[in-house]
Amino acid sequence: MDNGLIKQKMKFGYWEPLEFIAALTMTAKAEYIPGIAREIQFVPDQQFSEMLEQVHGRLSPHIKREMSRYFGKSTIYDRLDAVLSQVFYDDDEVETAEAYLARYQEQDALLLAAMLAESMYAHETPDWRGEHPFAEVSRKRELLVSLVQSRLLADEEYHAELLEAVKFPEEFKQRTLLLLQAFLEQGFTLLRDQLGQLGREGAAAFEDYFLAEPEKAFREIANSGPELIAKPTRVHVSYISQIRVDFRHFNEKDHPSWLILGHRNHALALQREDKGTVEQFLKVISDKRRLEIIALLKQGNRYGGELAHLLSLTPAAINYHTNLLIDLGLIRITRADNRIYYVLDRDRLGSFMDLSKDMLLR
């Protein structure tokens, strides 16, 4: 995909309702984030951690219990978070969190409960509706209740909560609406300006990167290729999500696709590159002879014949070992007195040591 097609098909920006949903979701799952971060070997921004801590401290115990009830324990949007996202995509022209809440309040309660069932069964029993289309299930309460009763989820507690929601959809709607309103007032307003600025800055940076190096940007930031973008697509960059790739395609011709990217997706890609580099570094220095070469070069520059003599190795063996060190940038060559000397790059060695320490102790 060239620059012209990217400009034509991809609209980078910041949509506040999506960040509101993401902020609510990340706050609800705050206690699980450290474990998830360790699993993917990623360190979130300190600013991000401070944001969640600040917001979490302002929420009432009741709201925290409601969050725990309606949100899952992973970064996958598979419960209320999926419902909230779908409500936005059904009317993606709303621009503010307040406008989004008004749109949520207009939703049919049974439709919201059916959306919840659809999202919770998606990863376990995608065909939970059988031959019944979603439009039918979302209009017939008795049918929805019957289907949920007959399709047990692996987590009994989750299933009981889902069954309660479909039996009492109006209560489900009111409870979740109160949760959204409370989070807006007690939490999101505290972060709104900061998240907006960070999101717009991230969108501008990602757009520049996609225009400059599209293949690399798709691979590193979107975990995909340019073929992902088959129609006009809006790209929301979410700071509060940190690491995220969420693509939604809609078949309707006039409905854009959506791609949500975490603000630090690129940082994770670079970190993975760092991991590969560290692995290569540790492999290279694991050989006794190469460690001896480094030790000798710490004392001063040496030419090949000198190293061969000091280490009792053949010139070919010295050439083999020094080439591996040169490939990593640990040593470089210089010419003096009609000889080729090997020079240790101490700064490069130090950076590899620091990177290895950070990677191993993270």
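Report follows, based on the coordinates.

1. Focus: the overall build of the protein
Then comes step 1: Looking only at helices and strands, the protein has 18 helices and 7 strands in total.
Then comes step 2: Taking 21 Å as the expected radius of gyration for a compact globule of 362 residues, we find that the protein reaches 27 Å, considerably beyond that expectation.
Then comes step 3: Taken over the C-alpha atoms alone, the protein extends approximately 90 × 45 × 45 Å along its principal axes.
Then comes step 4: Counting every position in the protein, which comprises 362 residues, the buried fraction comes to 48%.

2. Things to note about the environment of Asp92
Then comes step 1: As for its placement among the helices and strands, Asp92 is situated in the loop between helix 6 (80-90) and helix 7 (97-106).
Then comes step 2: Each C-alpha atom, one on Asp92 and one on Ser351, is 46 Å from the other, the two residues being 259 residues apart in sequence.
Then comes step 3: Excluding its chain neighbours within four sequence positions, the residues that come into contact with Asp92 are Arg234, His255, Pro256 and Trp258.
Then comes step 4: Here Trp258 takes part through its side chain, which lies 3.0 Å from a polar atom of the side chain of Asp92.

3. A short note on a nonpolar patch on the surface
Then comes step 1: A cluster of nonpolar side chains, Leu282, Leu360 and Leu361, forms an exposed patch at the surface whose accessible area comes to about 320 Å².
Then comes step 2: On the basis of relative accessible area, Leu360 is assigned to the exposed category, the value being 61%.

4. Side note on the packing of helix 5 (residues 61-70) against helix 12 (residues 169-212)
Then comes step 1: Packing of helix 5 against helix 12 brings their axes to within 10 Å, and their N-to-C directions diverge by 125°. With respect to helix 12, the axis of helix 5 lies oblique. Of the two possible hands of crossing, helix 5 and helix 12 adopt the one that is left-handed. Across the interface between the two elements, Ile63, Glu66, Met67, Arg69 and Tyr70 from helix 5 touch Phe172, Arg175, Thr176, Leu178, Leu179, Ala182 and Phe183 from helix 12.
Then comes step 2: Taken together, the residues of the contact of helix 5 with helix 12 break down into 8 nonpolar, 1 polar and 3 charged.

5. Things to note about the pattern of salt bridges
Then comes step 1: The tally for this structure, following the rule as stated, stands at 19 salt bridges.
Then comes step 2: For Asp81, the salt bridge is made with Lys29, and the minimal N-O distance between the two is 2.9 Å. Taken together, the positions of Asp81 in helix 6 and Lys29 in the loop between helix 2 (16-28) and helix 3 (33-39) put the pair 52 residues apart, joining distant regions of the chain. Each of the two residues, Asp81 as well as Lys29, counts as buried.
Then comes step 3: Between Arg302 and Glu306 there is a salt bridge, with the nearest N and O atoms lying 2.9 Å from each other.
Then comes step 4: Taken together, the salt bridges that share partners define one network made up of Glu66, Arg69, Glu164, Glu171 and Arg175.

6. Let's talk about the nonpolar core
Then comes step 1: Counting 69 residues, the largest nonpolar core has Phe20, Tyr100 and Leu144 as its most contacted members.
Then comes step 2: A per-element tally of this core places helix 12 first, with 11 residues.
Then comes step 3: Here Phe20 is in contact with Ala97, Tyr100, Leu101, Leu180, Phe183, Leu184 and Phe188, once residues within four sequence places are set aside.
Then comes step 4: Counting residues in hydrophobic clusters, the runner-up holds 20 residues, among them Ile285, Leu311, Ile318 and Ile331.

7. Concerning the sheet that holds strand 4 (residues 257-262)
Then comes step 1: Taken in spatial order, the 4 strands of this open sheet run 1-2-4-3, and their pairing is mixed. Each edge of the sheet is formed by a strand with only one pairing partner; in this case those strands are strand 1 (10-13) and strand 3 (245-248). Each strand of the sheet is rotated relative to its neighbour by a mean of 15°, with strand direction disregarded.
Then comes step 2: Sheet topology places strand 2 (residues 233-238) next to strand 4; 6 bridges connect them, and they run parallel.

8. Overview of helix 16 (residues 304-311)
Then comes step 1: Residues Gly304, Leu307, Ala308 and Leu311 constitute the buried set of helix 16. Each buried residue of helix 16 lies within a common arc of 100° when the element is viewed along its axis, so the set occupies one face.
Then comes step 2: One or two positions beyond helix 16, positive phi appears at Ser312, with a value near 55°.

9. Some thoughts on the packing of aromatic side chains
Then comes step 1: Applying the stated criterion to the full structure yields 14 aromatic pairs.
Then comes step 2: Centre to centre, the rings of Trp15 and Trp258 are 4.9 Å apart; their planes meet at 80°, and the pair counts as edge-to-face. With Trp15 in the loop between strand 1 and helix 2 and Trp258 in strand 4, this residue pair connects regions lying 243 residues apart in the sequence.
Then comes step 3: The rings of Trp15, Phe88, Tyr89, Phe250 and Trp258 are connected pair by pair, giving a single aromatic cluster.
Then comes step 4: Here the basic side chain of Arg79 rests over the ring of Tyr158, its NZ or CZ set 3.9 Å away from the ring centre.

10. Thoughts on the pairing of strand 3
Then comes step 1: Burial of the side chains of strand 3 is restricted to one face: Asp246 and Arg248 are buried, whereas none of Val245 and Phe247 on the reverse face is.
Then comes step 2: With 4 bridges connecting them, strand 3 and strand 4 associate as antiparallel partners. Across the sheet, residue Val245 finds its bridge partner in strand 4, namely Leu261.

11. Overview of the sheet that holds strand 7 (residues 339-344)
Then comes step 1: Strand order in this open sheet of 3 strands is 5-7-6, and the pairing throughout is antiparallel. Edge positions in the sheet fall to strand 5 (302-303) and strand 6 (331-336), since each has one partner strand and no second.
Then comes step 2: When strand 6 meets strand 7, the two strands line up antiparallel, connected through 6 bridges. Opposite Ala336, over in strand 7, you have Arg339 as the bridge partner.
Then comes step 3: Of the strands in this sheet, strand 6 and strand 7 are in contact with helix 17 (residues 315-327), which crosses strand 6 at around 110°.

Reading guide: rules and limits
Residues numbered from 1 in each chain as written. Predicted model: local features only at pLDDT ≥ 70, side-chain atom pairs only at ≥ 80, totals over all residues. Heavy atoms only, no water. Helix = DSSP H or I, 4+ residues; strand = E, 2+ residues; numbered from the N terminus. Rg over C-alpha atoms; globule rule 2.2 N^0.38 Å. Buried < 20%, exposed > 50% of the residue type's maximum accessible area, 1.4 Å probe, protein only. Contact = heavy atoms within 4.5 Å. Polar contact = N/O pair within 3.5 Å; in protein donor to acceptor, adjacent residues only side chain to side chain. Patch = residues over 30% accessible without salt bridge, like charges linked within 9 Å, V, L, I, M, F, W, Y side chains within 5 Å. Areas by Shrake-Rupley, 256 points an atom, 1.4 Å probe, with all protein chains shown as cover. Salt bridge = Lys/Arg side-chain N within 4 Å of Asp/Glu carboxyl O. Axes fitted to C-alpha atoms, helices over the stretch in contact; angles between N-to-C directions. Parallel < 35°, antiparallel > 145°, perpendicular 65-115°, else oblique. Left-handed = near helix turned anticlockwise from the far one by under 90°. Nonpolar A, V, L, I, M, F, W, Y, C, P; charged D, E, K, R; others polar. Core = buried A, V, L, I, M, F, W, Y, C linked by side-chain atoms within 4.5 Å. Pairing = 2+ DSSP bridges. Arc of directions from axis to C-beta. Phe/Tyr/Trp six-rings, centres within 6.5 Å; stacked < 30°, edge-to-face > 60°. Lys NZ or Arg CZ within 6 Å of the ring centre and 35° of its normal.

It is worth stressing that arrangement in space is one thing and function is another; only the former is reported here.
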